[in-house]
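A look at the structure
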Amino acid sequence: MSVDLCDAYVSEVMRFRKALNLTSISTHDEFVKRFILPSLALLDWVPDSGRLLDIGSGMGVPGIPLLLARSGLHGLLVERRKKRAEFLRHIVRTLDLNVEVFDADINHLPSLSADVCVARAVTDERELLTMCNQHVGVSAVAVLPVPATSQAVSVAGWGAYDERTVDVVGSQQLIRCYRHDKEGST
């Protein structure tokens, strides 16, 4: 990952954080600890190339850090809040990323043909996997940081295949992975 690009991304988040209500974190180092490093913890399950879909991208996590670490990926950032989507477009232009930004509800978009789906604040795995269904094909994966007490869910077309607790700067994070095993509605 280019440290310069990552620093530029964090600097832009810090610059716009108050105006766009992006985060209450006010320092570069704390942002890296709370958002960049947990995003990068997903890398073990993210391919080097293909199409990465970040649902509810917000200020760009986990999508932007993953895309900075895997330059062969094409990013698909979905954020229904217009101002945040504009911020993401600004980041894409500033960092010259291979990314499309959609300011829409994921359920209202045509198929995005993603190979991997991610989201940061997963509270309902079942709902998120259902949202992913129309945007993926066979063998796509969903890589989700989930609450430590959650259990794998059963969703038509998806099967859990890996789960691991990772240490992210002294804090434990559970990552659960699902593989899509049926043709999507693409």
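Preceding this section is the structure that the text describes.
What counts and what doesn't
Residues numbered from 1 in each chain as written. Predicted model: local features only at pLDDT ≥ 70, side-chain atom pairs only at ≥ 80, totals over all residues. Heavy atoms only, no water. Helix = DSSP H or I, 4+ residues; strand = E, 2+ residues; numbered from the N terminus. Expected span 1.5 Å × (residues − 1). Buried < 20%, exposed > 50% of the residue type's maximum accessible area, 1.4 Å probe, protein only. Contact = heavy atoms within 4.5 Å. Axes fitted to C-alpha atoms, helices over the stretch in contact; angles between N-to-C directions. Left-handed = near helix turned anticlockwise from the far one by under 90°. Nonpolar A, V, L, I, M, F, W, Y, C, P; charged D, E, K, R; others polar.

Let's shift gears to helix α1 (residues 3-16). With 14 residues, α1 should reach 20 Å at 1.5 Å per residue; the first-to-last C-alpha distance of 20 Å fits that figure. Listed as buried for α1 are C6, Y9, V10, E12, V13 and M14. Of the surrounding secondary structure, the elements contacted by the buried residues of α1 are α2 (28-40), α3 (63-69) and α4 (82-95).

Contact geometry of α1 with α4 gives a least axis separation of 11 Å together with a crossing angle of 145 degrees. Between α1 and α4 lies a crossing of right-handed hand. Residues L5, A8, Y9, E12, V13 and F16 of α1 form the contact with α4, whose own contacting residues are F87, H90, I91 and L95. Of the residues assigned to the contact of α1 with α4, the class counts are 8 nonpolar, 1 polar and 1 charged.

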